[in-house]
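Coordinate analysis (summary)
For reference, the chains in residue letters:
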Amino acid sequence: MARAEGYDTFLFDCDGVVWRGSNPVPGASETLKHLISLNKTVIFVTNNTSKTRTRYRTTFKEVLDLDVSENQIYSAGITAALYVKQKLKLGEKIFLIGSQGLSEIMDETDVEYIGHECVMEGSYFTDFLDFVPDGCVKYVVGALDGYFNYSKMAKAFIYIKECGAEYIATNLDMNHCLNSCRMLPGTGAVLEGLSQSLGMQPKVLGKPSSLMFDMICSDHKIENKSRVLMVGDTLQSDIQFGINSGIDTALVLSGITSKDTLLEETPIRPTFVIDSISDLLK
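Let me begin by describing the structure that accompanies this report. (Residues numbered from 1 in each chain as written. Predicted model: local features only at pLDDT ≥ 70, side-chain atom pairs only at ≥ 80, totals over all residues. Heavy atoms only, no water.)

**Let's talk about the overall build of the protein chain**
Each helix and strand in the protein chain was counted, giving nine helices and 15 strands. If one aligns the C-alpha atoms of the protein chain with their principal axes, the spans along those axes are about 65 × 40 × 35 Å. Every one of the 282 residues in the protein chain was classed for burial, and the buried ones make up 51%. When contacts within the protein chain are restricted to residue pairs at least 6 apart in sequence, those whose partners lie at least 24 apart make up 69%. Accessible area for the protein chain stands at about 13100 Å²; split by element, carbon and sulfur atoms hold 50% of it. (Helix = DSSP H or I, 4+ residues; strand = E, 2+ residues; numbered from the N terminus. Buried < 20%, exposed > 50% of the residue type's maximum accessible area, 1.4 Å probe, protein only. Contact = heavy atoms within 4.5 Å. Areas by Shrake-Rupley, 256 points an atom, 1.4 Å probe, with all protein chains shown as cover.)

**A short note on the nonpolar core**
Where a protein is soluble and globular, its nonpolar side chains tend to be buried together. Judged by nonpolar contacts, the single largest core of 29 residues is most densely connected at F12, V18, L32, F44, F60 and L64. Secondary structure elements with two or more residues in this core: β1 (9-12), α1 (28-37), β4 (41-46), α2 (53-64), β13 (228-232), β14 (248-252) and β15 (272-274). In contact with L64, not counting residues within four places along its chain, are V18, W19, P24, A28, S29, L32, K33 and T59. (Core = buried A, V, L, I, M, F, W, Y, C linked by side-chain atoms within 4.5 Å.)

**Some points on the pattern of salt bridges**
Working definition: two side chains of opposite charge can pair if their charged atoms are close together. A full pass over the atoms with the stated rule returns eleven salt bridges. Linking D13 and K207 is a salt bridge whose minimum nitrogen-to-oxygen distance equals 2.9 Å. Linking D13 in the loop between β1 and β2 (19-20) with K207 in the loop between β12 (203-204) and α7 (211-220), this pair joins segments that are 194 residues apart in sequence. Note that K61 and D67 form a salt bridge whose closest N and O atoms lie 3.3 Å from each other. Overall, the relative accessible area of 37% leaves K61 in the partly exposed class. (Salt bridge = Lys/Arg side-chain N within 4 Å of Asp/Glu carboxyl O.)

**A short note on the environment of K259**
With respect to the helices and strands, K259 occurs in helix α9 (residues 259-263). On a C-alpha basis, the gap between K259 and K203 in space is 31 Å, while along the polypeptide they are 56 residues apart. If we skip the residues at most four places from it in the chain, K259 touches L253 and D275.

**Topic: the packing of aromatic side chains**
The tally for this structure, following the rule as stated, stands at eight aromatic pairs. Ring geometry for F95 and Y159: centres 5.4 Å apart, planes at 40 degrees, overall tilted. Taken together, the residues F95 in strand β6 (residues 93-97) and Y159 in helix α5 (residues 150-161) connect sequence positions 64 residues apart. An identical accessibility class is assigned to F95 and Y159; each is buried. For the pair F131 and Y159, a centre-to-centre distance of 6.0 Å together with 90 degrees between the ring planes defines the contact as edge-to-face. With F131 in the loop between β7 (113-114) and β8 (137-142) and Y159 in helix α5, this residue pair connects regions lying 28 residues apart in the sequence. The same class applies to F131 as to Y159, namely buried. Pairwise contacts between aromatic rings join Y7, F10, F12, W19, F44 and F60 into one cluster. (Phe/Tyr/Trp six-rings, centres within 6.5 Å; stacked < 30°, edge-to-face > 60°.)

**Description of the state of the cysteines**
For the structure shown, the criterion picks out zero disulfides. Between C163, a free cysteine, and C136, which holds the nearest cysteine sulfur, the sulfur-to-sulfur gap is 11 Å. According to the relative accessible area criterion, C163 is partly exposed, its value standing at 39%. (Disulfide = S-S within 2.5 Å.)

**A closer look at unusual backbone geometry**
Between K207 and the following residue, P208, the backbone shows a cis peptide bond with an omega angle of 10 degrees. By secondary structure assignment, the location of P208 is in the loop between β12 and α7. Of note in the backbone geometry, N39 takes a positive phi value of approximately 65 degrees without being a glycine. Relative to the helices and strands, N39 resides in the loop between α1 and β4. Classification of N39 by relative accessible area gives exposed; the value is 70%. Phi angles above zero are rare outside glycine, and K221 is one such case at about 55 degrees.

**Thoughts on the sheet that holds β7**
Across the sheet, five strands lie side by side as β7-β6-β8-β9-β12; this open sheet has parallel pairing. A strand with exactly one partner marks an edge of an open sheet, and here the two such strands are β7 and β12. Sheet strands in contact with helix α4 (residues 100-108) are β6, β7 and β8, and its direction is about 160 degrees off that of β6. In the packing of α5 onto the sheet, contacts are made with β6, β7, β8 and β9 (166-169), and the angle to β6 comes to roughly 145 degrees. (Pairing = 2+ DSSP bridges. Axes fitted to C-alpha atoms, helices over the stretch in contact; angles between N-to-C directions.)

Structure (C-alpha cells):
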C-alpha cells in the first residue's frame, strides 16, 4: 500500500482508468474492492454525461462486479444539472445540447429544457428568420451530442448572443475514449464551432473545473485535502482537475495519455505516474 496508504479519499476517473468501453481495466475491480475493505472513501468523477447515476450503478456492477452507491458517482452532467437547478427561477429553463442520458439527468433533477426538437428541423439560413426565442431560456448547456446539427448551433447562438443566456459546458474534452482501440471527437470538438462563432468560451462545470470537487467536499465532509488523491488518465482534464482542486494526482497510462506524451513540454505535471490503477497497491 506504498502509494495508497497516505490517502483516505480516492477520486477515480472512469473511462481509461477503471474500464475501457465495456471492458474492465485489468486489476481495477480488485484494487477498488481492496481500498473499500480498508475503509477508504472511493468516489468516481467522470466527464461522461451519457448516463444517470442509476445507470452508472448498473455499469459498475456489470463491468466490475462492484456495488456503488449513488453518492459515490459524480459526472459533469450531474454537476451541470445541480448547478442550473440552483440558479433557475420558477418557469425558467435551459436550451440543451446533449445526449439522451443528459436529458434523463435533467428530468431526474427537475430541470426544464428544450433543444431536442432541433434534431428533425431544417438548417437553411432562412429557416431562422422567423425564429422566436423562448424568453424563459436562461442557460445554454452544451455536452457531447451525437445529433448535434446546424439548427442546434444556430438556436444556441441566438439564445446566447441575442437573449443573454449564460453559456455553459459540461466539459471541453476534445476526445472521447470509446474503447481500448478507438478514440472519437469529444464535447470540446462538438462545441468548438459555436464557441468560435460567439467569440467566447463557455463556463466549464466538469473537469478540470474544481466545482465538482467542491460538491464532493460538501457532500462527504472532506476537510483535509492533503489526504485526497485524484487518479486519472488525461493531463488536461483529470490531472488539471486535481491541481485546480489543490489535491495530489496520479496519472495512469492505461487510457489516453502515453509515455511519449509525458516527454512533451507541458506545465501539467502529476504527483506521480503509474502504469495502471492496480499499481496503487504496490
